[in-house]
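# Coordinate inspection notes
For reference, the chains in residue letters:
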Amino acid sequence: ILFSYTQAGDFPFVAHEWLPSFINSFFYDYMGYNFLIFTKFFIFLIMFCLCMNLVRKVTKNLPVAFFVSSLCLLTMNYRSFMRPEIYAYTFFFLELNLLTYFQLEGKRKYLFYLILVNILWANSHGSFLVGLGLPFLWGGGLWLDHIWGKVFKKSKKPLELKVLKDLWGTGILCGLTCLLNPFGLGLLEHVYDLSQNDYIKGVIFEWRPTLSNVVKS
């Protein structure tokens, strides 16, 4: 947990990153500092493998998968600190893989796994809101693909409404199960308050718009 000054005891405090903080503290206490370095390497290795698998599934091209995955991790390198956000990155890649497997195989078990991952994400980092939106975005993308194929490619393949219902139902369940945290609705309120805080939006680099002057510099 960052910045746990004594003054924090006088104000409400939502430890929205409690799970990675607990894991990292456990490793530090019982394994030592050097083990944390290994843990960070292992987490990024998992992310690389997940990205490789995702791109390979889509492109069927191993060299392209290796190149894209390397480029992706190179882009993330500037944030490669032992902070809760690297757990969030891993959950993001994992959910993309699960959605891809669901689309290719149509098995609902992947959506069940996605809900479990989302619960872990909600207890790890405020970016779990991204995970809540992924099933809805994925379903919307499938719908747009269907429209594109029907209009421009004269495709006669029907849109499987069951798939969209499964995806959007999963999104709703993710929204409900994210309440399985020590703070309940307070977690959502806390994340919303952070997103509306002008000071925090001004000092946190990764919250800046991609084309802002600060990012360009």
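Residues numbered from 1 in each chain as written. Predicted model: local features only at pLDDT ≥ 70, side-chain atom pairs only at ≥ 80, totals over all residues. Heavy atoms only, no water.

## Quick word on the overall build of the chain
This is how the line gets drawn: Comment: elements are numbered from the N terminus, with helices defined as DSSP H or I runs of at least four residues and strands as E runs of at least two. Categorising residues by exposure relies on relative accessible area from a 1.4 Å probe, with only protein chains included: less than 20% of the type maximum marks a residue as buried, more than 50% marks it as exposed, and the intermediate range marks it as partly exposed. Any two residues having at least one pair of non-hydrogen atoms within 4.5 Å are treated as being in contact. Surface accessibility in these figures is a Shrake-Rupley result with a 1.4 Å probe; residues are shielded only by whichever protein chains are displayed. We count Lys and Arg on the positive side and Asp and Glu on the negative side, and we leave His and both chain ends out. Charged side chains are reduced to one point each, which is NZ for Lys, CZ for Arg, CG for Asp and CD for Glu.
A tally of helices and strands in the chain yields ten helices and zero strands. In sequence order, the chain lays out its α and β elements as α-α-α-α-α-α-α-α-α-α. The dimensions of the chain, computed from C-alpha atoms along their principal axes, are 65 × 40 × 40 Å. A total of 217 residues make up the chain; the buried ones form 38% of that total. Put simply, 65% of the contacts in the chain that link residues at least 6 apart link residues at least 24 apart. Accessible surface for the chain amounts to roughly 14,000 Å². Of this, 69% is attributable to carbon and sulfur atoms. For the chain, the distance from the average site of its 19 positive side-chain charges to the average site of its 13 negative ones is 17 Å.

## Some details on helix α7 (residues 161-177)
To be explicit about the condition: Multiplying 1.5 Å by the residue count of a helix minus one yields the expected span of that helix. Comment: arc refers to directions from the helix axis out to C-beta atoms.
Compared with an ideal rise of 1.5 Å per residue, which puts 17 residues at 24 Å, α7 spans 24 Å between its outermost C-alpha atoms and is within 8% of the ideal. Looking at α7, one finds that the buried residues are Val163, Leu164, Asp166, Leu167, Thr170, Gly171, Cys174 and Thr177. Within α7, the buried residues cover an arc of 160° as seen down the axis, which keeps them to one side. Exposed residues pointing more than 90 degrees away from the buried face of α7 are listed as Leu161, Lys165, Ile172 and Leu176. If you follow the buried residues of α7, they end up packed against α4 (85-105), α5 (109-122) and α6 (128-152).

## Here we look at the side chain of asparagine 123
We count it as follows: Here a polar contact means two N or O atoms within 3.5 Å. Within protein one must be a hydrogen donor candidate and the other an acceptor candidate, and residues neighboring in sequence count only if both atoms are side-chain atoms.
The topology assignment puts asparagine 123 in the loop between α5 and α6. Among the polar contacts listed, one links the side chain of asparagine 123 to the side chain of tryptophan 18, at a separation of 2.9 Å. When near neighbours in sequence (up to four residues on either side) are disregarded, asparagine 123 contacts His16, Glu17, Trp18, Leu19, Pro20, Leu180, Asn181 and Pro182.

## Focus: a nonpolar patch on the surface
Here is the rule we go by: For patch detection, residues must exceed 30% relative accessible area and be free of salt bridges, and they are connected within 9 Å for like charges or within 5 Å for nonpolar side chains (Val, Leu, Ile, Met, Phe, Trp, Tyr). Every case where a carboxyl oxygen of Asp or Glu lies within 4 Å of a side-chain nitrogen of Lys or Arg is listed as a salt bridge.
Taken together, the side chains of Trp143, Leu144, Ile147, Trp148, Val151 and Phe152 present a nonpolar region at the surface, about 640 Å² in accessible area. For tryptophan 143, a relative accessible area of 41% corresponds to the partly exposed category.

## What about the pattern of salt bridges?
Evaluation of the coordinates by the stated rule reveals four salt bridges. Note that lysine 162 is salt-bridged to aspartate 166, the shortest N-O span being 3.8 Å. In this pair, lysine 162 and aspartate 166 both sit in helix α7, four residues apart, roughly one turn of the helix. With a relative accessible area of 45%, lysine 162 lands in the partly exposed category. Salt bridges linked by common partners bring Arg108, Lys162 and Asp166 together as one network.

## Topic: the environment of cysteine 72
Its location among the elements puts cysteine 72 in helix α3 (residues 62-76). The class for cysteine 72 is partly exposed, based on a relative accessible area of 22%. For the pair formed by cysteine 72 and methionine 52, sequence separation is 20 residues and the distance between their alpha carbons is 10.0 Å. Setting aside its immediate chain neighbours within four residues, cysteine 72 contacts Cys51 and Phe93.

## What about the nonpolar core?
For the record, the criterion: Here, nonpolar core refers to any group of buried Ala, Val, Leu, Ile, Met, Phe, Trp, Tyr and Cys residues whose side-chain atoms link them within 4.5 Å.
Residues Leu99, Phe128 and Leu167 are the most contacted members of the largest nonpolar core, which totals 42 residues. Apart from the residues within four sequence positions on either side, leucine 99 is in contact with Leu111, Leu114, Leu134, Pro135, Trp138 and Leu167.

## Some points on unusual backbone geometry
A positive phi angle is found at lysine 60, which is not glycine, with a value near 60°. Note on lysine 60: relative accessible area 65%, which makes it exposed.

## Focus: the packing of aromatic side chains
We describe a pair of aromatic rings using the distance from one ring centre to the other and the angle between the two ring planes. What counts here: The pairing test for Phe, Tyr and Trp rings, Trp by its six-membered ring, is centres within 6.5 Å, and the orientation test on the planes gives stacked under 30 degrees, edge-to-face over 60, and tilted for anything in between.
Applying the stated criterion across every chain yields a total of eleven aromatic pairs. Between the aromatic rings of phenylalanine 27 and phenylalanine 35, the centroid separation amounts to 5.1 Å while the plane-to-plane angle is 70°, which identifies the pairing as edge-to-face. One aromatic cluster is present, built from ring pairs that chain together Phe26, Phe27, Tyr30, Phe35, Phe38 and Phe42.

## Quick notes on the packing of α4 against α6
Rules: Note on geometry: axes are C-alpha line fits, over the in-contact stretch for helices, and angles between N-to-C directions span 0 to 180 degrees. Any angle from 65 to 115 degrees is called roughly perpendicular, while one under 35 is roughly parallel, one over 145 is roughly antiparallel, and all others are oblique. Take the far helix as your reference; a near helix turned counterclockwise from it by less than a right angle gives a left-handed crossing, and one turned clockwise gives a right-handed crossing.
It is the contact of α4 with α6, at a shortest axis distance of 11 Å, that shows an interaxial angle of 30°. Our classification of the angle between α4 and α6 gives roughly parallel. The hand of the α4/α6 crossing is right-handed. On α6, the residues that touch Phe92, Glu95, Leu96, Leu99, Thr100 and Gln103 of α4 are Val130, Gly131, Leu134, Pro135, Trp138 and Leu142.

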